[in-house]
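# Structural characterization, general
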Amino acid sequence: MRECVFCQIVRRESPAYIVYEDDSTIAFKDINPQAPVHILVIPKRHIRTLLDIQSSDEPLLGHLFSVANTVAREHGIAQRGFRLVMNCGLESGQSVWHIHLHVLGGRKMGWPPG
Ligand code: 5GP
Ligand code: ZN
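Counting of residues starts from 1 at the beginning of each chain's written sequence and follows it residue by residue. Chains carry letters and ligands carry numbers; both start at the beginning, A for chains and 1 for ligands, and go up in the order they are written. Confidence filtering applies because this is a predicted model: local features only for residues at pLDDT of at least 70, side-chain atom pairs given and counted only at 80 or more, and all residues used for totals across whole chains, interfaces and linings. With hydrogens and water excluded, all non-hydrogen atoms of the structure serve as input to the side-chain values.

## Describing the pattern of salt bridges
A side chain with one charge may pair with a side chain of the opposite charge, provided their charged atoms come close. Where we set the bar: Counted as salt bridges are all cases of a side-chain nitrogen of Lys or Arg within 4 Å of a carboxyl oxygen of Asp or Glu. Note on exposure labels: buried denotes an accessible area under 20% of the residue type's maximum, exposed denotes more than 50%, and partly exposed covers the range between, all computed with a 1.4 Å probe on protein chains only. In this text, helices come from DSSP runs of H or I with a minimum length of four residues, and strands from runs of E with a minimum of two, each type numbered from the N-terminal end.
Scanning the entire structure with this criterion turns up 4 salt bridges. Here arginine 11 ties to glutamate 13 by a salt bridge, and the two come within 2.9 Å at their closest N and O atoms. Classification of arginine 11 by relative accessible area gives partly exposed; the value is 39%. A salt bridge links glutamate 21 to lysine 44, with the nearest nitrogen and oxygen atoms 2.8 Å apart. Pair noted here: glutamate 21 is in strand β1 (residues 18-21) and lysine 44 is in the loop between β3 (37-43) and α2 (58-74), with a separation of 23 residues, a long-range link.

If you want it as C-alpha cells, here you go:
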C-alpha cells in the first residue's frame, strides 16, 4: 500500500498532526479542515472502503467510534455537539481509499449535507 497516504501517515512516512494513537487506530487533524475541529480517525490496517469491512472487523469499527468519542471530548466539542461522517464510494465524495471517520465540530452544522 505504498501509494496510500493514510498508510504513509501510519508508518510516519508522511507528516500529520497526530492527536491519538493506539495499537489498532490513529487519529490526526485533517489537512483541509471543514470545521474548527476536523479530525480523522482511521484503522492502522488498510481497508479500502466501508464495503470491504468483514464481520471480524466489527470490534475495530466499534473502536473507531469509541476513539471518536475520546477525540470529541478532548477537543471540547462533546457537549455542544459534533458530527461523524464516513464517506463510501465515488458519489459520497470519498477521496482517500483507506476508511476514515471524520470528527467535525466547533460550528453549527447544516442538514442535509452537501
Ligand atoms: P474523504 O473525502 O475521502 O471522505 O476525506 C478525505 C479527507 O482526507 C479530506 O478531508 C482531506 O482533506 C483529507 N486528507 C487528504 N490527504 C491528507 C493528508 O495527506 N493529510 C491529512 N492530514 N489529511 C488529508
Ligand atoms: Zn491505506
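## Here's the deal with the side chain of threonine 25
Cut-off, in case you're wondering: Every residue pair with non-hydrogen atoms within 4.5 Å of one another is taken to be in contact.
In this structure, threonine 25 sits in strand β2 (residues 25-29). Setting aside chain neighbours within four positions, we find threonine 25 in contact with Tyr20, Val41, Ile42, Pro43, Lys44, Leu60, His63, Leu64 and Val67.

## A few points about the site of ligand 1
Rules: Residue proximity to a molecule or strand is established when one non-hydrogen atom of the residue lies within 4 Å of it. We define a polar contact as two N or O atoms separated by no more than 3.5 Å, with the added condition that, inside protein, one atom must be a possible hydrogen donor and the other a possible acceptor, whereas residues neighbouring each other in sequence contribute only through side-chain atom pairs. Exposure was quantified through the Shrake-Rupley algorithm and a 1.4 Å probe, taking into account, for residues, occlusion by the shown protein chains and nothing else. Three classes are used: nonpolar for Ala, Val, Leu, Ile, Met, Phe, Trp, Tyr, Cys and Pro, charged for Asp, Glu, Lys and Arg, and polar for all others, with Gly counted as polar.
Close to ligand 1 lie 16 residues, the nearest being Lys29, Asp30, Asn87, Ser95 and His102. Between ligand 1 and glycine 93 there is a distance of 3.0 Å, counted from an oxygen atom to a backbone nitrogen or oxygen. Histidine 100 is positioned with one of its side-chain polar atoms (N or O) 2.9 Å from an oxygen atom of ligand 1. Computed on the free molecule, ligand 1 has an accessible area of 520 Å², of which 83% lies beneath the protein chains in the complex. Of all the secondary structure elements, the ones that give two or more residues to the shell around ligand 1 are α1 (5-10) and β2. Take the shell around ligand 1: its biggest share by element is 3 residues, from α1. Here the residues of the shell around ligand 1 are counted per class, giving 7 nonpolar, 7 polar and 2 charged.

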